[in-house]
Amino acid sequence: MNVVTPPAKLTAKDFATDQEVRWCPGCGDYAILKGVQKTLADIGAVPEKTVFISGIGCAARFPYYMATYGFHTIHGRAPSFATGVKLANPELDVWVVSGDGDALSIGGNHLIHLLRRNVNLQFLLFNNEIYGLTKGQYSPTSRAGTRSPSTPLGSVDNPLSATLLALAAGARFVARAVDSQQKHLPGVLTRAHQHIGTSFVEIFQNCIVYNDGVFADFTAKDKIAGSQIAVEHGKPLVFGADGKMGLHVKPGAFEIDVVEIGVNGITENDILVHDETNKVLATLLAGMQGPAFPVAIGVLYCDPAASYEQGVEAVKERAPSHNNGDLNSLLRSGHTWQVD
Amino acid sequence: MVTNTALKTEVNDETLRQQLESAVVRFAGDSGDGMQVTGGQFTLSAALAGNNLATFPDFPAEIRAPVGTTFGVSSFQINFGSRVIKTSGDEFDLLVAMNPAALFVELKGLKAGGVIILDTGSFSERNLRKAGYQNNPLEDGSLSGYRVIGLDISQLTLDAVKDFGLTNKEALRCKNFWTLGYVFWMFANKRKETVEWLRKKFAKRPEIAEANIAALNAGHALGETSETADGFQGFTIPQTEQAEPGLYRTVMGSEAIAWGLATGARLAGLKLTFCSYPITPASSVLHTLSNMAEYNVTTFQAEDEIAAACAAIGASYAGTLGVTSSSGPGIALKGEAIGLAIGIEIPLIILNTQRAGPSTGLPTKTEQSDLYQAVYGRNADSPLVVLAARSPANCFDVAIEAVRLATKYMTPVMILSDGYIGNAAEPWLIPDIDSIKPFPVSFRTDPENFHPFVRDEATLARAWAIPGTPELMHRIGGIEKSYDSGHISYDPENHQKMTDVRAAKINGIAKDIPPQTVEVGPERGPVAVVGWGSTYGPINRAVTNLLDMGKTVSHIHLNNIWPLPTNLGALLSQFDKILVPEMNKGQLLTVLRSEFLAPAVGINKVTGQPFKIRELEQAILAEMEA
Ligand SMILES: Cc1ncc(C[n+]2csc(CCOP(=O)(O)OP(=O)(O)O)c2C)c(N)n1
Ligand code: SF4
Ligand SMILES: [Mg+2]
């Protein structure tokens, strides 16, 4: 009799490789790596069925440090490789790791099409608002006026919001997290993994060398309570040290504003409740910026629909079979003639 | 000039037909006149009549160019006959001109004394002006050197279909089938298949099908009963004699490639994932494969060519056969991804249906000017395999060979086809797939001594371990890999070693491909004419003709562009003169000169039209005498 030994439960450490990690000391990527390894252990991921696919950049080195299958491809194109992988084998659990330059500059087009197709995978965008690997040039998410080697007098172009882009492209799952918030990050990643379709997660990541503290106004320990709002489906949209600040629909306007419970007659009943299936609300939340508004993190939007692979399979099943897959019959179909 | 007024009651005597060994017919009309369909139906009936044939669809880039203009002329040429047909023909024996613009554009290609069938109903003042005629060529004597059959096809068609309740516009659309009926009579071809085709095609609108059939029959009947001034009674072409016995069909290059890829994947035991982005003239392969789900084919229309190449590589990485296809401009976009496929040593097939360039160039016209791009067109030392198809049917074999080499050697393989091959059709002795030796892929599953770049000692191919395989988890990418572990390596000596092994692997493939042979002519001698790709037909016919004239000349044709066959250098050294005809400015020429220091001379043409046999004969003769 064969005794089947149940696979030992893997820990976060089991998902680490023996490769020397080459990020700068103190880089936010370490924290994200830790969060992802923990998530994989939490969800019971099967290493041989898990594939990390990345483009190029500091963030894109990620697959080398995961004891799963890994594919470090070319700049900006990871979504396309991942789509091919999922078309070939929809059973694989695919995570794409990308940077703000990789995903939104050179690869912006592929990201849009990945999201609208809704390929079933997790897309993690490590946003540090800078090109780390190429030594600190400004990126498509850098704020106007960013000084960098290529913009010594400050950048001129307007930045792009990754989450608004994702929503506009038709993403069915859009979330945000912060590299250093290790209690929050694995929860978001777990939700992303559960969701069928493309799960888009923007992770604010500190580049300690070229853009240190760029998110500090809402990620510094003493700023979190007052400048962040961690959204949860079905819960009131409140923040602040004592949970008294909240979001509310501005009367007579198509806008939200920040109010304080107990001030100007505002009660708990006036506070908006998060509905993650509401795309309009998600768009408003994604658009909030400090200092007037808190920055929203957590699952801003989740409204599942059939994945691309499911659609492709359904079409294949509907496809007429003329020759039962027999190629010899195919070659002999239509007009033929015999020469004796 | 003949007109449709001279009608007899009895049918013409079939025995009075003039016998031809072969004939070239060119159907020309407005883009909206349905000339490609007409040509396709004529091809089918010629093939079923047992003729050998080759076709050449020649159409404008504009989908609906303004009616009646010269740049809106769409043509279809067929060369058919009882002898072996190698090209779509030089000058035509018969020109069908549906309007003045078609006559204006195509007349120069008609043989002296050739036959013109034209629709006099379309020779209005306005149409003549649009075509650029100062005078009416039907009246000014400029057509006196030809045999002109002028028929008011527009009116004759309207008369033939008047009982079917069509609008005037719909009725006039039947003109091409009326004309086809007349041309069928002229070559004694059968109408049955076309009638069946029309009924199937217009199953939802039977009145359209029946009106076209009535037009077809009316055109045919007119031929049978009309009396021509010079007693012309049509032609007859005897059946082909040389053909090998077996079951035949006609096949276009784009179909043959699609079927060959699916067959190759089947022989390798893999599913096929075909990723592409539309571009003329490559799209028809995507269209064909999109209908082939039942043969384990998945197609993906990507957002651009880069995404298509990357998705194909991803599909191979996950264990299917990834194929990507485009034309020159799109292949340029794929370059970086192809470099990655070379670096990670993964099977990938890249199909380039070449067109005239640079840039957009002449999208619907043919050229073979992407050989440099295929062999040399990437950053760094990045060798891959390049194969070239010589004819529509040959695409099938080349596609299978591409799959064999890609999977056996874990390498990208580029197939060079071109617009002419893709769209042209020829008869094909249908192969039995069960008789082709399979070459099943075996994925690595054994963890013992595994790393992603362990190599097979003989082929130098690395192990193919796909995601989903227990205990073989590994990471690969574009950064240089250690020869000994597959891990990232920045070691200088290692990069030298890996670059060398990538080159050695591709060079080694030369031992696994057929040695170069001589198509016709002696194995050594004064002149070798060396070609590749779609120039096969015209070169072969030209050299054969010169041999028949008593000249000593040989034809060598390359299927393997990279690596080159091992014996090619020695073979070329047996000839005093090496001539290389190409539809480019001399690309294979450069390769032969640089690889073998061969004293080769180019014969080059880039008009977007295939070589004519006569052109080549003259060029070869001139070089022989030079
Ligand atoms: C085709 C191509 N163009 C440019 C580069 C150079 N390059 C590498 S990474 C990078 C930007 C990376 O920025 P980001 O995606 O934000 O990643 P980060 O390093 O910040 O994590 C650039 C421009 C490249 N590798 N390939
Ligand atoms: S450059 Fe910035 S993003 Fe890159 S590793 Fe260093 S700290 Fe991290
Ligand atoms: Mg960045």
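Keep in mind that this is a model prediction, so the values were computed, not measured.

Undergrad: Talk me through the environment of Ala218(B); I want residue IDs and the actual numbers.
TA: All names here are of chain B. With respect to the helices, strands and loops of the structure, Ala218 is situated in helix H8 (residues 206–225). Note on Ala218: relative accessible area 25%, which makes it partly exposed. Taking C-alpha positions, Ala218 is 7.1 Å from Gly181, a pair spaced 37 residues apart along the chain. Once residues within four sequence positions are removed from consideration, Ala218 is found in contact with Ala160 and Trp178.

Undergrad: Give a description of the environment of Val85(A) that names residues and reports values.
TA: With respect to the helices and strands, the residue Val85(A) is situated in helix H2 (residues 78–88). For the pair Val85(A) and Gln122(A), spaced 37 residues apart in sequence, the C-alpha to C-alpha distance is 13 Å.

Undergrad: With reference to specific residues and values, describe the environment of Gln609(B).
TA: All names here are of chain B. Relative to the assigned elements, Gln609 resides in the loop between strand S22 (600–604) and helix H20 (613–625). Note: C-alpha distance between Gln609 and Gly223 (386 residues apart in sequence) is 33 Å. Once residues within four sequence positions are removed from consideration, Gln609 is found in contact with Phe56, Asp58, Lys365, Thr366 and Met583.

Undergrad: Explain the site of ligand 1 to me, and be specific about the residues and the numbers.
TA: Around ligand 1 lies a shell of 17 residues, among which Cys58(A), Asp100(A), Asp102(A), Gly132(A) and Leu133(A) are the nearest. Mapping the residues near ligand 1 onto chains gives chains A and B. Interatomic distance of 3.0 Å between a backbone N/O atom of Ala59(A) and an oxygen atom of ligand 1. Asp100(A) places a polar side-chain atom, nitrogen or oxygen, 2.8 Å from an oxygen atom of ligand 1. Expressed as a share of its isolated accessible area of 590 Å², the protein-covered part of ligand 1 is 77%. Here the shell around ligand 1 gets 4 residues from one element, more than from any other, and that element is helix H3 (residues 100–106) of chain A.

Undergrad: Can you explain the packing of aromatic side chains? Please cite residues and give values.
TA: Tallying each qualifying case throughout the model produces 29 aromatic pairs over all chains. Residues Trp23(A) and Tyr30(A) carry aromatic rings whose centres are separated by 5.6 Å and whose planes lie at 80° to one another, so their mutual orientation is edge-to-face. Owing to a relative accessible area of 30%, Tyr30(A) belongs among the partly exposed residues under this scheme. Their ring planes at 5° and their centres at 6.0 Å tell us that Trp178(B) and Tyr182(B) sit as a pair that is stacked.

Undergrad: Which residues make up helix H6 (residues 175–186) of chain B, and what values go with them?
TA: Residue and element names in this part refer to chain B. Taking 1.5 Å per residue as the helical rise, H6 with its 12 residues ought to reach 16 Å, and the 17 Å between its terminal C-alpha atoms agrees with that figure. Most of H6 sits out of view: 12 of its 12 residues are buried. Taken together, the buried positions of H6 are occupied by Lys175, Asn176, Phe177, Trp178, Thr179, Leu180, Gly181, Tyr182, Val183, Phe184, Trp185 and Met186. A positive phi of about 55° marks Ala188, the residue just after H6.

Undergrad: Tell me about the coordination of the magnesium ion (ligand 3), and please be specific about residues and values.
TA: Residues and elements named next belong to chain A. Note on the magnesium ion (ligand 3): its protein donors are Asp100 (OD), Asn128 (OD1) and Ile130 (O). The metal-donor distances range over 2.1 Å. The sequence pattern formed by the donor residues of the magnesium ion (ligand 3) is D-x27-N-x1-I. The class for Asn128 is buried, based on a relative accessible area of 6%.

Undergrad: Help me get a handle on the pattern of salt bridges, residues and values and all.
TA: Enumeration over the complete set of coordinates arrives at 28 salt bridges over all chains. The shortest N-O distance in the salt bridge between Glu309(A) and Lys86(A) comes to 3.8 Å. Here the residue Glu309(A) occupies a position in helix H10 (residues 308–318), and Lys86(A) occupies one in helix H2, the gap between them amounting to 223 residues. By the burial criterion, Glu309(A) is buried, and Lys86(A) matches it. Across the pair Asp512(B) and Lys408(B) runs a salt bridge, and its minimum N-O distance is 2.9 Å. Of the two residues, Asp512(B) sits in the loop between helix H16 (492–508) and strand S18 (525–532) while Lys408(B) sits in helix H14 (residues 394–409), which places them 104 residues apart along the sequence.

Undergrad: Any chance you could break down the site of ligand 2 for me, citing the residues and the numbers?
TA: Looking at ligand 2, the residues that line it are Trp23(A), Cys24(A), Cys27(A), Cys58(A), Asn128(A), Gln205(A), Cys207(A), Ile208(A), Val209(A) and Tyr210(A). In terms of residue class, the shell around ligand 2 is made up of 8 nonpolar, 2 polar and no charged.

Undergrad: Describe the side chain of Asn211(A), listing the residues and the values that go with them.
TA: All names here are of chain A. Mapped onto the fold, Asn211 is located in the loop between strand S6 (198–204) and helix H7 (216–219). Here Asn211 falls in the buried class, since its relative accessible area comes to 13%. Side-chain polar atoms of Asn211 contact the backbone oxygen of Asn128, separated by 2.9 Å. In this structure Asn211 touches Asn128, Glu129, Ile130 and Asn206, once residues within four positions along its chain are discounted.

Undergrad: Go over the sheet that holds strand S2 (residues 69–72) of chain A, please, and point to the residues and values.
TA: Across the sheet, 9 strands lie side by side as S7(A)-S11(A)-S5(A)-S6(A)-S4(A)-S3(A)-S1(A)-S2(A)-S17(B); this open sheet has mixed pairing. What marks the edges here is a single partner per strand, and that holds for strand S7 (228–231) of chain A together with strand S17 (475–477) of chain B. Pairs of neighbouring strands in the sheet enclose a mean axial angle of 20°, with direction left out of account. Pairing analysis gives 7 bridges linking strand S4 (residues 121–127) of chain A to S6(A), with the strands arranged parallel.

Undergrad: Explain the interface of chain A and chain B to me, and be specific about the residues and the numbers.
TA: Tallying the contact residues gives 56 residues for chain A and 66 residues for chain B. The largest per-residue losses of area from chain A upon contact with chain B belong to Tyr69(A), Leu331(A) and Trp337(A), which jointly make up 17% of the total buried on that side. Summed over the shared surface of chain A and chain B, the number is 1 salt bridge. Counting the contacts that link chain A with chain B gives 33 residue pairs in polar contact (both at pLDDT 80 or more). Its residues placed into classes, the side of chain A that touches chain B shows 23 nonpolar, 24 polar and 9 charged. Bridge count between strand S12 (residues 337–339) of chain A and strand S9 (residues 246–252) of chain B: 3 bridges; the pairing is antiparallel. Residue pairing across strands places Val339(A) opposite Gly246(B), the latter belonging to S9(B).

Undergrad: For the pairing of strand S4 (residues 73–81) of chain B, give the residues involved together with the corresponding values.
TA: All names here are of chain B. With 9 of 9 residues buried, S4 lies mostly within the body of the structure. Of the two faces of S4, the one lined by Val73, Ser75, Gln77, Asn79 and Gly81 and the one lined by Ser74, Phe76, Ile78 and Phe80 are each fully buried. Of the pairings in the sheet, the one linking strand S2 (residues 22–30) to S4 comprises 9 bridges and is antiparallel in character. From the neighbouring strand, Ala23 faces S4, where its bridge partner is Phe80. Pairing of strand S3 (residues 52–58) with S4 involves 7 bridges; the strand directions are antiparallel. Within S4, the residue paired with Asp58 across the bridge is Ser75.

Undergrad: Can you lay out unusual backbone geometry for me, pointing to particular residues and giving the numbers?
TA: Between Gly357(B) and the following residue, Pro358(B), the backbone shows a cis peptide bond with an omega angle of 5°. Turning to its location among the elements, Pro358(B) is positioned in the loop between strand S13 (348–354) and helix H13 (371–376). The residue after Trp562(B), namely Pro563(B), is reached through a cis peptide bond having omega -5°. If you check the backbone angles, Glu129(A) has positive phi at about 55° while not being a glycine. One can find Glu129(A) in the loop between S4 and helix H5 (162–168). Positive phi outside glycine occurs at Glu471(B), with the angle close to 65°.

Undergrad: Can you explain the nonpolar core? Please cite residues and give values.
TA: Residue and element names in this part refer to chain B. In this structure, Leu261, Val530 and Leu558 are the most contacted members of the largest nonpolar core, which totals 162 residues. Ignoring sequence-local partners within four residues, the contact set of Leu558 consists of Ala388, Gln516, Val530, Gly531, Trp532, Gly533, Leu564, Leu568, Leu588 and Leu592. The next biggest cluster of nonpolar side chains, apart from the first, holds 48 residues, and it includes Leu20, Leu53, Ile153 and Phe235.

Undergrad: Requested: an account of a nonpolar patch on the surface, with residues and values cited.
TA: All names here are of chain A. On the surface, Ile208, Val209 and Tyr210 cluster together into a nonpolar patch covering about 240 Å² of accessible area. Mapped onto the elements of the fold, Tyr210 is located in the loop between S6 and H7. Residue Tyr210 is classed as partly exposed on the basis of its relative accessible area of 34%.

Definitions and limits used
- Residues numbered from 1 in each chain as written.
- Chains lettered and ligands numbered in written order.
- Predicted model: local features only at pLDDT ≥ 70, side-chain atom pairs only at ≥ 80, totals over all residues.
- Heavy atoms only, no water.
- Helix = DSSP H or I, 4+ residues; strand = E, 2+ residues; numbered from the N terminus.
- Buried < 20%, exposed > 50% of the residue type's maximum accessible area, 1.4 Å probe, protein only.
- Contact = heavy atoms within 4.5 Å.
- Near = heavy atom within 4 Å.
- Polar contact = N/O pair within 3.5 Å; in protein donor to acceptor, adjacent residues only side chain to side chain.
- Areas by Shrake-Rupley, 256 points an atom, 1.4 Å probe, with all protein chains shown as cover.
- Phe/Tyr/Trp six-rings, centres within 6.5 Å; stacked < 30°, edge-to-face > 60°.
- Expected span 1.5 Å × (residues − 1).
- Donors = N, O, S within 2.8 Å, 3.2 Å for Na, K, Ca; no water.
- Salt bridge = Lys/Arg side-chain N within 4 Å of Asp/Glu carboxyl O.
- Nonpolar A, V, L, I, M, F, W, Y, C, P; charged D, E, K, R; others polar.
- Pairing = 2+ DSSP bridges.
- Axes fitted to C-alpha atoms, helices over the stretch in contact; angles between N-to-C directions.
- Buried area = accessible area lost by both parts, 1.4 Å probe.
- Core = buried A, V, L, I, M, F, W, Y, C linked by side-chain atoms within 4.5 Å.
- Patch = residues over 30% accessible without salt bridge, like charges linked within 9 Å, V, L, I, M, F, W, Y side chains within 5 Å.

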